[in-house]
Amino acid sequence: MDMHLNGLDDHFALPHTRKVGMFRAFSWIARGWQDLAAHPLPSLAHGLLITLLGWAVLSLASQYAYLFTTSITGFLLLAPLGAAGIYELTSEREDGRTTSFAQSIRDLMKNASQLAYFGVVLFMIALAWERLSAILFALFYGGEAISLHNFFGALLGEYAGFTIAWVVGGFLLACLVFALTAVSIPMLADREVDTVTAMMTSLRVVAENIPAMMVWAALIVLLTAIGFATYLVGFVVLFPLLGHATWIAYKDLVE
């Protein structure tokens, strides 16, 4: 895969990338925390916005079992795009500019068209997952109406087949989205490049740093699980922390 991506360098004008150590992600988290502490109010404002959005989505989907589980996955798929404003905060700080929530939103406009295009790509992936989840739900439940409470109670029992299929499908989709978004969205926020170039660069970074990316992905999953375990309240802090850390990872991995 790495050789194939190298062969596309000239066509897509990919920037040079770096290889890092397996446990470099812990440094990204530590430095992300420093950035969060450097401008806490605008960072936490982004975290609060995502938390309120997550509550709204899960509340609307709570009446339908398959939609509730799908909305969790959809939230994770679209969350990287929601962190674009956080990337701008760190960029502003690095450039010595005044940081604020409003300014971080305004700075996104410099490459808004490509960020919007990427958002459409992520939305289409999320929509495809919603349709696939509906098909899996229908196959295993046979159209049976089931409450959310009974649904979770049966996940590891009567409907273990659905659980296995849903987890495997979700895992494969998550791997794809992670590879596409590892550095692409901060790259779009930082440079005036097109979406394809950003995605190809992200794929190359992941291919060249598989051990480090596995550790990074595990940390993201762990912190995300903590966020959901706290009924999304933890995302007020964890979301901007991951956003700042992702920007630092991008700067570390892409020249």
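Above this text is the structure in question.
Residues numbered from 1 in each chain as written. Predicted model: local features only at pLDDT ≥ 70, side-chain atom pairs only at ≥ 80, totals over all residues. Heavy atoms only, no water.

**Side note on the layout of surface pockets**
Next up, step 1: Looking at the second largest pocket, its volume works out to about 330 Å³.
Next up, step 2: In terms of lining residues, the second largest pocket is bounded by 15 residues, among which Ile50, Leu53, Leu78, Ala79 and Gly82 are the most central.
Next up, step 3: Elements represented by at least two residues in the lining of the second largest pocket include exactly helix 4 (40-61) and helix 5 (65-82).
Next up, step 4: Broken down by element, the residue count for the lining of the second largest pocket peaks at 7 residues, all from helix 5. (1 Å grid on protein atoms, 1.4 Å probe; cavity = no way out; pocket = protein on both sides within 12 Å on 5 of 7 lines; lining within 4 Å. Points joined across faces, edges and corners; volume = space filled by probe spheres on them. Helix = DSSP H or I, 4+ residues; strand = E, 2+ residues; numbered from the N terminus.)

**As for the packing of aromatic side chains**
Next up, step 1: Summed over the entire model, instances satisfying the criterion amount to 5 aromatic pairs.
Next up, step 2: Note on Phe228 and Phe235: the rings are 5.4 Å apart at their centroids and 90 degrees apart in plane angle, and the pair reads as edge-to-face.
Next up, step 3: A relative accessible area of 22% means that Phe228 is categorised as partly exposed.
Next up, step 4: Clustering of aromatic rings is evident, with ring pairs tying together Tyr87, Trp247 and Tyr250. (Phe/Tyr/Trp six-rings, centres within 6.5 Å; stacked < 30°, edge-to-face > 60°. Buried < 20%, exposed > 50% of the residue type's maximum accessible area, 1.4 Å probe, protein only.)

**Considering the nonpolar core**
Next up, step 1: Formed by 59 residues in total, the largest nonpolar core has its most connected members in Trp28, Met213, Trp216 and Leu253.
Next up, step 2: Take this core: its biggest share by element is 11 residues, from helix 14 (residues 235-253).
Next up, step 3: In contact with Leu253, not counting residues within four places along its chain, are His16, Thr17, Arg18, Val20, Trp28, Val183, Val205, Asn209 and Met213. (Core = buried A, V, L, I, M, F, W, Y, C linked by side-chain atoms within 4.5 Å. Contact = heavy atoms within 4.5 Å.)

So yeah, pure geometry; function would need other evidence.
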